[in-house]
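# Results of the structural survey
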2 protein chains.
Amino acid sequence: MKRHFVTIKDIAKELNISVATVSRALRNTHDVKEATRQQVLAKAVELKYKPNFNAIGLVKNSSNNIGIILPVITNYYFSTVITGIQEIAFKNGYNMVLYLTDDSADREKDILDELSFSNIDGLLICISSMPDQSDRFQRVIDNGIPIVFFDRVPSGIKTSKIMQDDFNGAYKAVEHLIQSGYKRIAHFAGPAGLLFTEKRLEGYLAALKAHQLPVNQQWIIHSGFSQKCGEEDMLRLLLCDPRPDAVFAVNDRKAVGAILALKKEKIAIGKDIGIIGFTNDPISEIVHPSLTTVEEPALEIGRRSCALLIKHIHKKNFIPEEVILPTTLIIRESTKKSG
Amino acid sequence: MKRHFVTIKDIAKELNISVATVSRALRNTHDVKEATRQQVLAKAVELKYKPNFNAIGLVKNSSNNIGIILPVITNYYFSTVITGIQEIAFKNGYNMVLYLTDDSADREKDILDELSFSNIDGLLICISSMPDQSDRFQRVIDNGIPIVFFDRVPSGIKTSKIMQDDFNGAYKAVEHLIQSGYKRIAHFAGPAGLLFTEKRLEGYLAALKAHQLPVNQQWIIHSGFSQKCGEEDMLRLLLCDPRPDAVFAVNDRKAVGAILALKKEKIAIGKDIGIIGFTNDPISEIVHPSLTTVEEPALEIGRRSCALLIKHIHKKNFIPEEVILPTTLIIRESTKKSG
DNA sequence: GTGAAAGCGCTAACAT
DNA sequence: ATGTTAGCGCTTTCAC
């Protein structure tokens, strides 16, 4: 268990100078002679000196870690967001500490409670789809740990948030459906209570309204985010009378589930029922027929939220920003009436 | 920047006892009166005390972090492995610090070099596909930081390794192809030099040999792991004379690439050319025709490797284990000659 | 069973 | 420009 590493004391001893000078030289403080600095640097390399983060953290009351709390990583969107985060974090000398909630509010609570704040300088959070626990997050912020929320953001907390343009993405999606000739458009929504889910629902509703198309509550089905949910929703939808001729799904996985269900029922996708998703998961290009969808800027969400968090960490009173990134409509086969 | 948290000193002061007693009570050391212990515990909750990991780490020369170094996380296998790791890590009070190499040996080197070992108790590594840098890893181990390798393991380092049964998985895959009536079987391999890639190649070769089938070097194509590589490999393969009637791909993404290329060329998958992959990525069920594949126990790989690493951390001289987990053949449409 | 005090490796006044 | 020293929050002898 006991390992001994080279410390600044070792460097100081070898060079016959004080630890303070070594410390200063290592950190490029300006009141140290260039020659001394070079000596120290050379010696540090020679001795393979590595700073002790615990000691630094203890003095500075900080770590070099940013925590990331999100539901799952086994999907395209989240793993891509993390890739974006890591890019910026690494560049700025921060490590990522990853926490997975499995989309459970209880787990989220446990993680937040057990978090030793000395171990984390700031938090990047995508909340679980369970009931809103805003006060819990507020307490963390009050403790001096900045939080930036992304994708799934809680309402009522004054801090930076970053998301894609869910409303307009949904609007564009539904409008594309309408322009493609579909008239009875259903929506497979996510669980109620999540802001982005509601924004997509609103976008859907607004597009229908703008084009004087009917809203049928039967055609709006709330369920989870999985492919399986998409299949089940579709089976339910097929029982409706009148039956919709298109579906806007809250994400690609549900859309893929819908496609799979339709194929089992031998219903022609595009021709009989058009499908559009949201995310631009690589799977949307591979599924047959390929899935029309709204691309989310996942990588950029990751980069931007990390950059924002770092600003919060550096400036105690950084004014919160709410960033909304644009989405892109990607037209493929699943919304072609004839092909 | 300066935040003040409750410390054991605060608890001691409130209770009129010494910090030593508080420290002992908090850690359930046995030489503290039960009544005192209860008082301390109650006060700790009341004051919302959170241990300072930096201080503990400084004294104990440890963190509570395990580092994970892997190429990318935007794919099913790796993100699932991480999910398994996190499950065990969380249970044991460890945090995961994530590092992405983007499959670059240079980046891997940078990460290893910049790693302040005071920040990490052990490392879980899946090496990049670039030339082997075993000495680099050995140095880390010599410094007292245990490493457990998973999936892509370097040869020549004596530490625990955990992988799926690549040889037998490949053997089963190719044998299934043979039993399905395919006779000219090609292999889309990964980059040369990676152990698991070689094991799969060996399994392929062994199965051919066991069934007295010809080995044609033209039919063995080495390239990257991406879907695009699979497409390109397939295009190249179609030029061969004689032309193979089946392909065993080193992973599902390449297999999917192959399927896509075949569809573009209007060649009947299964009937004209059979395809089998490796991983059981969810995509293999969605692609059309669905992909026969060899399932890897990704979640279990994560769990087991984390459990092993924790043993290494706890016992300085834990005897390294090499674990090989079984794979499962999953038969779908892409290897059906008629259907 | 509890307290006093040293010290983990580093930074940051305060001296010189 | 450099040295001295206190102290970050905690654990751990060593006393009592």
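What this report covers is the structure whose coordinates are included nearby. (Residues numbered from 1 in each chain as written. Chains lettered and ligands numbered in written order. Predicted model: local features only at pLDDT ≥ 70, side-chain atom pairs only at ≥ 80, totals over all residues.)

### A short note on the packing of helix α5 (residues 76-91) of chain A against helix α13 (residues 298-314) of chain A
Residues and elements named next belong to chain A. Note the following rule: Axis definition: a line fitted to C-alpha atoms, over the contacting stretch in the case of helices. Angles run 0 to 180 degrees between N-to-C directions. In DSSP terms, a helix is any run of H or I states spanning at least four residues, a strand is any run of E spanning at least two, and both are numbered starting from the N terminus. For classification, angles of less than 35 degrees are called roughly parallel, those exceeding 145 degrees roughly antiparallel, those between 65 and 115 degrees roughly perpendicular, and all remaining angles oblique. Working rule for handedness: look at the near helix, and if it is turned counterclockwise from the far one by less than a right angle, call the crossing left-handed; if clockwise, right-handed. Two residues form a contact once the distance between their C-beta atoms, set from the backbone, is within 7 Å. Any residue outside Ala, Val, Leu, Ile, Met, Phe, Trp, Tyr, Cys, Pro, Asp, Glu, Lys and Arg is labelled polar, Gly included; the first ten of those are nonpolar and the last four are charged.
Running from N to C, α5 and α13 point in directions that differ by 40°, and their axes come no closer than 7 Å. Viewed along their axes, α5 and α13 adopt a mutual orientation that is oblique. Note that α5 runs across α13; the crossing there is right-handed. Taking contact as the criterion, the partners of Tyr 77, Thr 80, Val 81, Ile 82, Thr 83, Gly 84, Ile 85, Glu 87, Ile 88 and Ala 89 in α5 are, on α13, Ala 298, Leu 299, Glu 300, Ile 301, Gly 302, Arg 303, Ser 305, Cys 306 and Ala 307. Its residues placed into classes, the contact of α5 with α13 shows 11 nonpolar, 5 polar and 3 charged.

### Observations regarding the relation of the copies chain A and chain B
For clarity, the cut-off: C-alpha atoms of residues with pLDDT of at least 70 in both copies form the basis for the least-squares superposition of the copies.
For the pair chain A and chain B, the superposition axis carries a translation of 0.1 Å, the fit reaches an RMSD of 0.1 Å, and the rotation angle comes to 180°. Seen this way, the second copy is the image of the first under a two-fold rotation axis.

### Let's talk about helix α11 (residues 252-264) of chain A
Residues and elements named next belong to chain A. Defined as follows: To estimate the expected span of a helix, subtract one from its residue number and multiply by 1.5 Å. Neighbour counting defines burial: a residue surrounded by 20 or more other C-beta atoms within 10 Å of its own C-beta is buried, one with 12 or fewer is exposed, and intermediate counts give partly exposed, using backbone-placed C-beta atoms.
Over its 13 residues, α11 runs 18 Å from end to end, which matches the ideal 18 Å to within 8%, given 1.5 Å per residue. Counting buried residues in α11 gives 10 out of 13 residues, a clear majority hidden from the surface. Just past α11, the residue Lys 266 takes up positive phi, approximately 60°.

### Here we look at the environment of Gly 156 of chain B
Residues and elements named next belong to chain B. By the secondary structure assignment, Gly 156 is in the loop between β4 (147-150) and β5 (161-164). Residue classification places Gly 156 among the exposed residues on the basis of 9 C-beta atoms within 10 Å. Spatially, the C-alpha atom of Gly 156 lies 20 Å from that of Arg 200, the residues being 44 residues apart in sequence.

### Quick word on the packing of helix α4 (residues 53-60) of chain A against helix α4 (residues 53-60) of chain B
Running from N to C, α4 of chain A and α4 of chain B cross one another at 140°; their axes reach a closest spacing of 8 Å. In terms of orientation, α4 of chain A lies oblique with respect to α4 of chain B. With respect to the hand of their crossing, α4 of chain A and α4 of chain B are arranged in left-handed fashion. Of the residues in α4 of chain B, those in contact with Asn 54, Ala 55, Gly 57 and Leu 58 of chain A of α4 of chain A are Asn 54, Ala 55, Gly 57 and Leu 58 of chain B. Classifying every residue of the contact of α4 of chain A with α4 of chain B gives 4 nonpolar, 4 polar and no charged.

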